Amino acid sequence: MAHRLFTAEEEYPDLENHHSHMAHCLTETVYKQLRGVETDSGFTIDDVIQLGVDNPGEPYLMPAGCIAGDEESYRAFSAFFDQVLEARHNGFKKNDVSRNNTMSENVKGGDFDGKYALTSYVTSRRNVKGFALPGHFTRGERRKVEAIAKSALSGCDGEFGGQYFSIKGSSDKDLEQLAVVFKQPISATSQPTIFARDWPDSRGFWYNAKKNFLVKVNEEDHLSVLSTETGGNLVPSFRRWVEGVAAIENGVKKSGNEFMHDERYGYIATCPTNVGTSLKVGVVLKIPKMMKYCRLEEALMRLRLEKIDLGDCVDVSNIDRIGLTEVEILELVIEGVQFLIDCEERLEKGQKIEKYVNILRQK
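None of these values were measured; they are calculated from a predicted model. (Residues numbered from 1 in each chain as written. Predicted model: local features only at pLDDT ≥ 70, side-chain atom pairs only at ≥ 80, totals over all residues. Heavy atoms only, no water.)

Draft legend 1. Representation of the overall build of the protein chain. Check the secondary structure of the protein chain and you find 14 helices and twelve strands. Relative to the compact-globule value of 21 Å for 363 residues, the protein chain shows a C-alpha radius of gyration of 21 Å, a close match. Along the first, second and third principal axes, the C-alpha set of the protein chain runs to 70 × 45 × 40 Å. For the protein chain, buried positions account for 51% of its 363 residues. Summing over all exposed atoms, the protein chain offers an accessible surface of approximately 16900 Å²; the carbon and sulfur share of this is 49%. (Helix = DSSP H or I, 4+ residues; strand = E, 2+ residues; numbered from the N terminus. Rg over C-alpha atoms; globule rule 2.2 N^0.38 Å. Buried < 20%, exposed > 50% of the residue type's maximum accessible area, 1.4 Å probe, protein only. Areas by Shrake-Rupley, 256 points an atom, 1.4 Å probe, with all protein chains shown as cover.)

Draft legend 2. Region of the structure containing the packing of aromatic side chains. This structure, assessed with the given rule, holds eight aromatic pairs. Taking 4.5 Å as the distance between ring centres and 40 degrees as the angle between the ring planes, the aromatic pair formed by Tyr 74 and Phe 81 counts as tilted. A ring pair is formed by Phe 238 and Trp 241, whose centres lie 5.7 Å apart and whose planes are at 40 degrees; its orientation type is tilted. Separated by three residues within a single helix, Phe 238 and Trp 241 lie in helix α10 (residues 234-254), roughly one turn from each other. Phe 238 gets classed as buried once you look at its relative accessible area, which sits at 0%. Since its relative accessible area comes to 2%, Trp 241 is described here as buried. One aromatic cluster is present, built from ring pairs that chain together Tyr 74, Phe 80, Phe 81 and Tyr 265. (Phe/Tyr/Trp six-rings, centres within 6.5 Å; stacked < 30°, edge-to-face > 60°.)

Draft legend 3. Focus on the side chain of Arg 142. By secondary structure assignment, the location of Arg 142 is in helix α8 (residues 139-154). For Arg 142, a relative accessible area of 1% puts it in the buried group. Reaching out from Arg 142, the side chain makes a polar contact with the backbone oxygen of Arg 197 at a distance of 3.5 Å. In this structure the side chain of Arg 142 is engaged in a polar contact, spanning 3.4 Å, whose partner is the side chain of Asp 198. Setting aside residues up to four positions removed in sequence, Arg 142 forms contacts with Phe 137, Arg 197, Asp 198, Asp 201, Ser 202, Arg 203 and Asn 218. (Polar contact = N/O pair within 3.5 Å; in protein donor to acceptor, adjacent residues only side chain to side chain. Contact = heavy atoms within 4.5 Å.)

Draft legend 4. Fine view of helix α5 (residues 45-54). Along α5, the residues classified as buried are Ile 45, Val 48, Ile 49 and Gly 52. Seen end-on, α5 carries its buried residues on one side only, within an arc spanning 75 degrees. On its buried side, α5 packs onto α3 (21-25), α4 (28-34) and α7 (78-88). (Arc of directions from axis to C-beta.)

Draft legend 5. Geometry of the nonpolar core. Residues Val 215, Leu 234, Ile 248, Leu 285 and Leu 340 are the most contacted members of the largest nonpolar core, which totals 58 residues. The dominant element in this core, judged by the number of residues it contributes, is helix α13 (residues 326-348), at eleven residues. With near-sequence residues (within four places) excluded, Leu 285 lies in contact with Tyr 116, Ala 117, Cys 313, Val 314, Val 316, Val 337, Leu 340 and Ile 341. Core analysis: the second largest hydrophobic core is formed by 33 residues, Val 30, Phe 81, Phe 92 and Ile 322 among them. (Core = buried A, V, L, I, M, F, W, Y, C linked by side-chain atoms within 4.5 Å.)

These results come straight from atomic positions and should not be treated as a statement about function.
Structural data, given as structure tokens:
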């Protein structure tokens, strides 16, 4: 193997001008410590970091810059991944453990003014135990995971009854329609190369009759589950996600399988951004005055929220997926989005918002 021919110093990657959590956490000492480690499926520290080595990232949008290749990766390379998780998820320490709570009966708020809140959504990742993750698995594994997913999804009924579309064999018109439903392009070029191998083999999409509960199969993770709602009523979207994920999990268990879950790391995902609860709760907002506000980034960081600019709108969601429960994440986003809307209304009236931003406490 290559690591037997060259020293760690000779193989250590050039991370100059790289902006990612990987680049900040991967010291030469850590690289040397982990260079001889290999998971049962053959994943190495070089496999972990290669995506970030090839993609330097941007200082204003800090990616993780690394991936897991299987369920074992986070434990095998904990000397590295634990640093990334602490940096990415608000100080999640190596002795901390993931926590779960999806009981939302006592959650207050979350039904935002439709003038500002255009869409609300809840999404998460799930992976099937016993198979490598999409950045590392074989064709046979990918095909078996698709079969498990299709079987589980076909057993969903009621609100979650729907249909599966395989990308392979779909017409361009079908893919265009799916792209509208999922609000993103569907092609090999829309994926990082490591996730586009053998495209479109064993990739697919599933959605229910109302098109408000959607599942992607075999992209960055085995399953990516999305519950969405037009307008700003976030709690029903959350509850649909809870019930839908439970229905899918029951179907997976009927086939003799289960989702990857670790006592410390929670639900295992390819990207360390998505471990733990793996939950992303977001609202697409039309808040033009706040979007121009010079301290918006500072306010979002204090609220532990991040944004994606969408032209005249902005997609706002939680930064942290681990260290908080699902309900705590929901409540954090509700509080943060309401703060942003309140500030927008004040700006519309010509009022100052500095004092409100000044008293925001770091979450």
